[in-house]
Amino acid sequence: MLVNMKTLLADAEKGNYAVGSFSVANMEMVLGVIKAAEELNAPIILQIAEVRLKQSPLEVIGPLMVAAAKNAKVPVAVHFDHGKTIEKISQALEIGFTSVMFDGSHLDLDENIRQTNIVIQKAKPYGAAVEAEIGCVGGSEDGSEDIAINCTKPEDAVKFENETGVDALAIAIGNAHGNYKSTPKLRFDILEEVERITKTPLVLHGGTGITPDDFVRCSKTGIKKINIATATFDRVEATVRAAYQNGEIGGYYDLQGAEVEGAYQNAKTHILIFGTDNKA
């Protein structure tokens with residue numbers, strides 16, 4: 001069933017777990033992620049980032065994601081990730097996304113607050129949740145830029161919360177998009193301080209490559225939404241490659257099945273780590 005992200009995050013706060021937010025690029029990935037969620041009786045979030053729309057146009061993939069969520073046997077929120085333009089954020093809301101993110105992390109704090117509030121007003125008539133980001137998560141969502149990590153200042157999180165009332169807040173604690181060159185060293189001191197002085201559900205971007213122990217620690221320390229993108233794409237590609245090497249692809253539908261399987265296995269792995277199984 002299609003639900004609002006606010007509901008999922010409120011339940012995660014009560015249950016002390018984190019909800020997986022899985023980036024998808026085609027129907028096969030959507031089917032694989034939902035298959036894992038239904039099998040494990042887990043609430044999930046399906047998401048796509050604005051930078052990915054050149055490969056997966058929003059007017060095509062968006063209605064597919066919403067339809068899949070509506071028909072799922074478990075609660076599914078549909079989220080527009082790393083929204084950069086009001087135009088695309090508005091389009092996602094029109095399509096029926098139940099959550100949108102405005103990424104103003106590249107702006108100074110006051111301008112980020114100002115523009116986030118514009119997005120919050122746009123989302124209100126749709127009843128959609130809004131996520132924002134402060135501090136700078138390393139790397140870029142599509143891997144095209146090598147952006148340095150700039151950790152969130154806890155006092156900025158308080159100001160942002162007070163002046164926006166945003167529904168979810170992504171913070172930078174040493175995490176980065178894409179594949180890490182070495183195991184990331186997360187700043188749990190910053191996370192603990194932000195959790196202590198704010199009430200907003202926190203979001204961890206750049207989840208690929210973080211250890212299971214660190215995921216669990218994050219989920220118990222204010223992080224209620226964890227984004228998984230690169231791991232999904234990598235697992236789908238690896239599953240398809242292995243299927244070819246093992247002579248398991250005899251035609252298009254075998255290829256399609258391998259893509260679904262890769263997305264399913266990846267989502268299943270992360271749902272179990274995040275502790276979201278049997279929380280639907």
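Residues numbered from 1 in each chain as written. Predicted model: local features only at pLDDT ≥ 70, side-chain atom pairs only at ≥ 80, totals over all residues. Heavy atoms only, no water.

This part is about the nonpolar core. Judged by nonpolar contacts, the single largest core of 69 residues is most densely connected at I44, L46, M65, F80, F97 and L169. The dominant element in this core, judged by the number of residues it contributes, is helix α2 (residues 27–40), at seven residues. Not counting the four nearest positions on each side in its chain, L169 is found in contact with A132, E133, I134, A157, F160, T200, P201, L202 and V203. The next biggest cluster of nonpolar side chains, apart from the first, holds 13 residues, and it includes V3, L9, A129 and A170. (Core = buried A, V, L, I, M, F, W, Y, C linked by side-chain atoms within 4.5 Å. Buried < 20%, exposed > 50% of the residue type's maximum accessible area, 1.4 Å probe, protein only. Helix = DSSP H or I, 4+ residues; strand = E, 2+ residues; numbered from the N terminus. Contact = heavy atoms within 4.5 Å.)

Here the chain averages 92 in pLDDT, while 92% of its residues score no lower than 70. Note that pLDDT drops below 50 for residues 139–148; the model gives that stretch 23 contacts with residues more than four away or on any other chain. (pLDDT = per-residue confidence, 0-100.)

We now examine the packing of aromatic side chains. What the rule picks out here adds up to three aromatic pairs. Note on F80 and F97: the rings are 6.3 Å apart at their centroids and 80° apart in plane angle, and the pair reads as edge-to-face. With F80 in strand β3 (residues 76–83) and F97 in the loop between α4 (86–95) and β4 (99–102), this residue pair connects regions lying 17 residues apart in the sequence. In this structure F80 comes out as buried when scored by relative accessible area, which is 0%. When the centroid spacing of 5.1 Å and the interplanar angle of 75° are considered together, the rings of Y252 and Y253 count as edge-to-face. (Phe/Tyr/Trp six-rings, centres within 6.5 Å; stacked < 30°, edge-to-face > 60°.)

Moving on, we come to the sheet that holds strand β8 (residues 223–228). The sheet built from eight strands closes into a barrel, its strands ordered β1-β2-β3-β4-β5-β6-β7-β8 with parallel pairing. Here the strands of the sheet are splayed against their neighbours by 25° on average, with no regard to which way each runs. Looking at chain direction, strand β7 (residues 202–204) and β8 are connected through three bridges and run parallel. Directly across from L202, in β8, lies its bridge partner I223. (Pairing = 2+ DSSP bridges. Axes fitted to C-alpha atoms, helices over the stretch in contact; angles between N-to-C directions.)

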